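# Reading the structure
Take a look at the letters that make up each chain.
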Amino acid sequence: MSSHPVVRNRFDYQTGFGGYFETEAVAGALPIGRNSPQKVAFGVYAEQLSGSAFTAPRHDNRRSWLYRIRPAAAHGRFTPYAGAPRLASAPFTDAPADPNRLRWDPLESPSTPTDFIDGLVTYGGNGDVSAGTGIAIHLYAANRSMQGRAFFCADGEFLIAPSEGRLAILTELGVLEIAPQQIAVVPRGVRFSVELLDGAARGYVCENYGAPFRLPELGPIGSNGLANPRDFEAPVAWFEDRREPTQLIQKFQGGLWATMLPHSPFDVVAWHGNLAPYRYDLTRFNTIGTVSFDHPDPSIFTVLTSPSDTPGTANCDFVIFPPRWMVAEDTFRPPWFHRNVMSEFMGLIHGVYDAKEGGGFVPGGASLHNQMNGHGPDAASYRKAVEAELKPHKIDGTLAFMFESRHVIRPTRTALESPALQDDYDDCWSDFPNAVLPQ
């Protein structure tokens, strides 16, 4: 093996969004000039992972070639899996669509050993998993790593945003480490396992059934700004030849199924292509804002978008509200009161959200404002904003985000019956005085 060194650092990365990568953990394992030679070096197996139809246009076509110790097809029959009892999929019909503004405290820490998969709790979503449209929104609370277990989602990609605790996400194509203020996206069908690096973890997941997340168009902003492609990172090839029983769980058409493998599924020694998991550091987001007057639309905070068949109207936007300077003159600076055709599910990673300074919206919590229902700053935030001296001011020490969708986000019965649901959320808008008109 001296002429074919094995790369052991699992936390190396390649940079770029949607680019074409090639990487090998054993020198010489990656075929040159072809994808599927008659005999692959070292007897590894060539396997294509397709994230789009074969005939998708080149700019939308996503696929990678994997070179692995054993073919992924080598597994037994899947049988129904009874774990993760609070994980659900669209269409969401176990509770009526709810027009009320809703807000939740953080998930309680589990009282028994619970890993990432069994710790998922679905709060709501929309669309139809069988039609490939819409999203599901989950929160997770875990206190153990996925020991001897792996998972893949055949229904959509997973966008994972931790609010507490670092994660090591082992995937077939390499390993991603993320902490609060970072995100990871695992494509549909990619097998992965989650290790907890700090003993416990909480966070949020957007399961995207629709078009894969991509960078939004910049329009008049120009060629630079928002999330820049160079700041996204994909893993290098890393593998383990661990011949121990591993439970493989898949999510398929909303159901969970499991089988046993006699080995680790993370045995890809080399790969090339443009379909890969990736991570992004949200502190690198290049915020764009006004330098004259008026609070701009929140769309300027879009990190990733999953487009729909209606131009400009997203299946899902992932939007963040990071630290930024406020300098607008003669302007109410927090987000204004509004009613929106889009539906908004918000989470808070850390700090205080500038439109909810009155309390109740805390890190690890969540809120839901469905389409055409009025919302905006609470009374305390409003009073502070209208009385503030309008000098340059930096909003700092905070990071909130939003999953925004063209469709109504239907809450699950689990979310509506959760003890974390705040029954007094409407009260934050109850203390506004009437306007005083001239007589």
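Read on for a plain summary of the structure.

Cut-offs and rules
Residues numbered from 1 in each chain as written. Predicted model: local features only at pLDDT ≥ 70, side-chain atom pairs only at ≥ 80, totals over all residues. Heavy atoms only, no water. Salt bridge = Lys/Arg side-chain N within 4 Å of Asp/Glu carboxyl O. Helix = DSSP H or I, 4+ residues; strand = E, 2+ residues; numbered from the N terminus. Buried < 20%, exposed > 50% of the residue type's maximum accessible area, 1.4 Å probe, protein only. Pairing = 2+ DSSP bridges. Axes fitted to C-alpha atoms, helices over the stretch in contact; angles between N-to-C directions. Phe/Tyr/Trp six-rings, centres within 6.5 Å; stacked < 30°, edge-to-face > 60°. Lys NZ or Arg CZ within 6 Å of the ring centre and 35° of its normal. Arc of directions from axis to C-beta. Polar contact = N/O pair within 3.5 Å; in protein donor to acceptor, adjacent residues only side chain to side chain. Contact = heavy atoms within 4.5 Å. Core = buried A, V, L, I, M, F, W, Y, C linked by side-chain atoms within 4.5 Å. Patch = residues over 30% accessible without salt bridge, like charges linked within 9 Å, V, L, I, M, F, W, Y side chains within 5 Å. Areas by Shrake-Rupley, 256 points an atom, 1.4 Å probe, with all protein chains shown as cover.

Before going further, it helps to examine the pattern of salt bridges. Within the structure shown, the criterion is met by 24 salt bridges. Put simply, Arg70 and Asp267 hold a salt bridge, and the shortest N to O gap is 3.1 Å. One end of the pair, Arg70, is in the loop between strand 4 (63-68) and strand 5 (79-80); the other, Asp267, is in the loop between strand 18 (255-261) and strand 19 (268-273), and 197 residues separate them in sequence. Lys384 serves as the salt-bridge partner of Glu357, at 2.8 Å between the closest nitrogen and oxygen. Taken together, the positions of Glu357 in the loop between strand 24 (343-350) and strand 25 (366-369) and Lys384 in helix 1 (residues 379-387) put the pair 27 residues apart, joining distant regions of the chain. With a relative accessible area of 36%, Glu357 lands in the partly exposed category. Several salt bridges share partner residues, and in doing so they unite Glu47, Arg68, Arg70, Glu172, Asp241, Arg243 and Asp267 into one network.

Moving on to the pairing of strand 9 (residues 149-153). Looking down a regular strand, the side chains alternate between one sheet face and the other. With 5 of its 5 residues buried, strand 9 lies for the most part within the structure. By the alternation rule, side chains of strand 9 split into Arg149, Phe151 and Cys153 and Ala150 and Phe152, which are all buried. Bridging between strand 9 and strand 17 (residues 246-252) involves 5 bridges; their strand directions are parallel. Paired with Ala150 across the strands is Leu248, a residue of strand 17.

Attention now goes to the sheet that holds strand 21 (residues 302-307). Think of a sheet as strands paired side by side through backbone hydrogen bonds, with each pair either parallel or antiparallel. Read from one edge of the open sheet, 6 strands run 6-25-24-27-22-21, paired in antiparallel fashion. Either end of the sheet is taken by a strand with one partner, and the two such strands are strand 6 (102-104) and strand 21. Taking the axes of each pair of neighbouring strands and ignoring which way they run, one obtains an average angle of 15 degrees across the sheet.

Residue Pro91 is bonded to the preceding Ala90 through a cis peptide linkage, with omega at 5 degrees. With respect to the helices and strands, Pro91 occurs in the loop between strand 5 and strand 6. With a phi angle near 85 degrees, Gln181 is a residue other than glycine that sits in the positive phi range. Its location among the elements puts Gln181 in the loop between strand 12 (174-178) and strand 13 (182-186). Backbone geometry at Asp294 places phi at a positive 75 degrees, although glycine is not the residue there. Along the polypeptide, Asp294 turns up in the loop between strand 20 (278-281) and strand 21. You can call Asp294 partly exposed: its relative accessible area is 46%.

Before going further, it helps to spend a moment on the packing of aromatic side chains. Under the defined criterion, the tally for this structure stands at 26 aromatic pairs. Consider the rings of Trp104 and Tyr123, whose centres lie 5.1 Å apart with planes at 70 degrees: the pair is edge-to-face. Remark: Tyr123 occurs in strand 7 (residues 120-125) and Trp104 occurs in strand 6; sequence separation between them is 19 residues. The two residues Trp104 and Tyr123 agree in class, both being buried. Ring centres of Phe232 and Tyr278 lie 5.8 Å apart, and the angle between their planes is 70 degrees; on these two criteria the pair is classed as edge-to-face. Here Phe232 is found in strand 16 (residues 232-235), whereas its partner Tyr278 is found in strand 20, with 46 residues between them in sequence. For the pair formed by Phe232 and Tyr278, the shared burial category is buried. By the ring-pair criterion, three or more aromatic residues cluster together here, those being Phe116, Tyr140, Phe151, Phe158 and Phe192. Above the plane of the ring of Tyr13 lies Arg279, whose end atom (NZ or CZ) is 3.8 Å from the centre.

Among all positions of helix 1, only Ala379, Ser381 and Ala385 are buried. Each buried residue of helix 1 sits inside an arc of 160 degrees when the element is viewed along its axis, so together they form one side. Residues Lys384 and Glu387 are exposed on helix 1 and point more than 90 degrees away from its buried face.

Looking at the secondary structure, you find Ser405 in strand 27 (residues 399-405). Using a relative accessible area of 0% as the deciding quantity, one classes Ser405 as buried. At 2.9 Å, the side chain of Ser405 and the side chain of Asn126 are in polar contact. Of the polar contacts made by the side chain of Ser405, one reaches the backbone nitrogen of His407; its length is 3.3 Å. Not counting residues within four places of it along the chain, the set of residues in contact with Ser405 comprises Asn126, Ile135, Ala314, Asn315, Met342 and Ser343.

Our focus in this paragraph is the nonpolar core. Trp104, Leu159, Val303, Leu304, Phe318, Phe345 and Phe403 are the most contacted members of the largest nonpolar core, which has 51 residues in total. In this structure, Phe318 is in contact with Leu159, Ile183, Leu282, Phe301, Thr302, Val303, Leu304, Phe401, Met402 and Phe403, ignoring residues within four places of it in sequence. Counting 50 residues, the second largest nonpolar core, distinct from the first, contains Val40, Val44, Leu49 and Leu256.

Attention now goes to the environment of Phe332. One can find Phe332 in the loop between strand 23 (324-326) and strand 24. Taking relative accessible area as the criterion, Phe332 reaches 22% and is therefore assigned partly exposed. Residues Phe332 and Ala388, spaced 56 residues apart in sequence, show a C-alpha to C-alpha distance of 9.4 Å. Leave out the neighbours within four places in its chain, and Phe332 touches His295, Pro377, Tyr382, Ala385 and Val386.

Turning next to a nonpolar patch on the surface. Residues Val291, Trp325 and Val327 make up a contiguous nonpolar surface patch of roughly 340 Å² in combined accessible area. For Val291, the position within the fold is in the loop between strand 20 and strand 21. Residue class for Val291 comes out exposed when judged on its relative accessible area of 73%.

Bringing the sheet that holds strand 20 into the picture now. Taken together, 9 strands build an open sheet; the order of strands is 1-16-20-13-10-15-8-7-28 and the sheet is antiparallel. Edge positions in the sheet fall to strand 1 (13-15) and strand 28 (410-411), since each has one partner strand and no second. Judged from the 3 bridges that link them, strand 10 (residues 157-164) and strand 13 form a sheet pairing that is antiparallel. Counted as the bridge partner of Ile160 is Ala184 from strand 13.

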